[in-house]
Amino acid sequence: GTALLLTIERGATGLGVSCLVGMPLGWAMGTWTWLRELLDSWMQILLSVPPIVIVVVGMIWLGPTAGVVVLVVALVTLPLLATTVRDAVAGVDPDLLDMSRVFARSRAWTIRRIVLPAVAPPVLSALTVAGQSVRVTVMSELLSTTTGLGAMVQRARTNLNTDDVFALSVVMAVLTLALELCILGPLRRRLSHPSV
């Protein structure tokens, strides 16, 4: 029970950091071309670095701590969120933006009525990385901490407790599925069909 809560807490913290940094950064990259050109290559580098490398570098920087797990989840999910928001903002229909200028609509109205409806669906799809973040969290724990589901998997593997490894795998699969069915799915439906 405690291990599961620790894993959820670490994954949620990493994903939260990723959202707090990645979404505004993606919005800025989609808005200003100079920033997009400056940061695009860095996003591609982050997207191509295997999570295991980030775990190793994180352990060198922070030691074998829970901070490594949060860092890995944040760095693995951030470039995906940032590039998705960047592409969604850059892809907003310019004719609609011109029309809002012609009719002298405020910037807040334009964002609420034109930009957000165009950006929400791809961003919500990108948030399915929450499911991936569970796997990344467990993998990071397996390699860098002595607590959490990942550490339990490592102990079970070391002690050749195959049944424990399978049981923990089922727990992780159920956790990912519950996240999708109870939180992400309803959120996507609500935002893609807002009540009038």
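Refer to the structure above for everything that follows.
In this report, we go over the structure that sits alongside the text.

Definitions and cut-offs
Residues numbered from 1 in each chain as written. Predicted model: local features only at pLDDT ≥ 70, side-chain atom pairs only at ≥ 80, totals over all residues. Heavy atoms only, no water. Core = buried A, V, L, I, M, F, W, Y, C linked by side-chain atoms within 4.5 Å. Buried < 20%, exposed > 50% of the residue type's maximum accessible area, 1.4 Å probe, protein only. Helix = DSSP H or I, 4+ residues; strand = E, 2+ residues; numbered from the N terminus. Contact = heavy atoms within 4.5 Å. Polar contact = N/O pair within 3.5 Å; in protein donor to acceptor, adjacent residues only side chain to side chain. Expected span 1.5 Å × (residues − 1). Bend = angle between axes of the 7 residues up to and from the residue.

## Here we look at the nonpolar core
Within the largest apolar cluster, 8 residues are counted, these being V85, A88, V89, V92, I114, V115, V119 and V123. Secondary-structure elements contributing two or more residues to this core are α4 (66-90) and α6 (107-126). Top element by residues in this core is α6. It accounts for 4 residues. Apart from the residues lying within four places of it in its own chain, the contact partners of V89 are W27, G30, T31 and V119.

## Looking at the side chain of S18
Tracing the backbone through its elements, the reader meets S18 in helix α1 (residues 2-31). Only 2.9 Å separates the side chain of S18 from the side chain of T77, close enough to count as a polar contact. Contact partners of S18, with chain neighbours within four places excluded, come to M23, A74, T77, L78 and L81.

## Structural notes on helix α2 (residues 33-48)
The terminal C-alpha atoms of α2 lie 23 Å apart, and with 16 residues this matches the ideal 22 Å at 1.5 Å per residue to within 8%. The axis of α2 is deflected most strongly, by about 40°, at L39. Of all the residues in α2, the buried ones are L35, L39 and M43. Contacts made by the buried residues of α2 are with α1 and α4.

## Re the environment of R36
Tracing the chain through its elements places R36 in helix α2. What R36 contacts, discounting residues up to four positions off in sequence, is M29, G30, R86 and A90.

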